[in-house]
Amino acid sequence: MISLHHLKTGDTVITNYGGVEKPGKILQVDHEDKKVLVATDNNTNEFWYDLDNLYSIPLDEAMLLKLQFHLDNSQSGGGKGKVYVRGPFSVRMFETGNKPLMQLHYRDETRNLNAPITLNELQNHYHGMTNFHLE
């Protein structure tokens, strides 16, 4: 189950309604009722979801490429992991078992992560480091 504290407006999640799963964008988080307003189907449908009906999207190479990151071969390899770059922001992914497992870098700030993260968690880190939302 997804944690309410990891969800912020603009994050992307998977919704489940009647057994049908769709990606959607969070419009509002109601911490009191523990519900989340999500827009699906190109922002044409808005619905409040319980946490039981929301799922995180795993962060992997395909998702980074979909977010317009590109693999930087000049910084990758040699035991230094793969580096994906989008403007001045970079994500370095190391092999499983390495500490840190992932490193996020923007200008003079670096965050070392020891566990895999999801798309919405990357969006939150990106926003915290750049003050822009990652879509």
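Please refer to the structure placed before this passage.
Description of the structure in this document. The structure presented is a predicted model; accordingly, all values stated were derived computationally and were not measured. (Residues numbered from 1 in each chain as written. Predicted model: local features only at pLDDT ≥ 70, side-chain atom pairs only at ≥ 80, totals over all residues. Heavy atoms only, no water.)

The next subject is helix 2 (residues 119-130). For helix 2, which comprises 12 residues, the first-to-last C-alpha distance of 16 Å matches the rise-based estimate of 16 Å (1.5 Å per residue) to within 8%. Here helix 2 lies mainly inside the structure; 10 of its 12 residues are buried. For helix 2, the complete set of buried residues consists of L119, N120, E121, L122, Q123, N124, H125, Y126, M129 and T130. On the buried face of helix 2, the contacting elements are strand 1 (12-17), helix 1 (61-66), strand 7 (82-86), strand 8 (89-93), strand 9 (102-106) and strand 10 (109-113). Immediately beyond the C-terminal end of helix 2, within one or two residues, lies N131, with a positive phi of roughly 65 degrees. (Helix = DSSP H or I, 4+ residues; strand = E, 2+ residues; numbered from the N terminus. Expected span 1.5 Å × (residues − 1). Buried < 20%, exposed > 50% of the residue type's maximum accessible area, 1.4 Å probe, protein only. Contact = heavy atoms within 4.5 Å.)

With antiparallel pairing, 5 strands are arranged side by side in an open sheet as 6-7-8-9-10. Where the open sheet ends on each side, the last strands, each with one partner, are strand 6 (70-71) and strand 10. Here strand 7 runs beside strand 8; their pairing, made up of 5 bridges, is antiparallel. What sits directly across from V85, in strand 8, is S90. Lying over the sheet, helix 2 contacts strand 7, strand 8, strand 9 and strand 10, oriented at roughly 30 degrees with respect to strand 9. (Pairing = 2+ DSSP bridges. Axes fitted to C-alpha atoms, helices over the stretch in contact; angles between N-to-C directions.)

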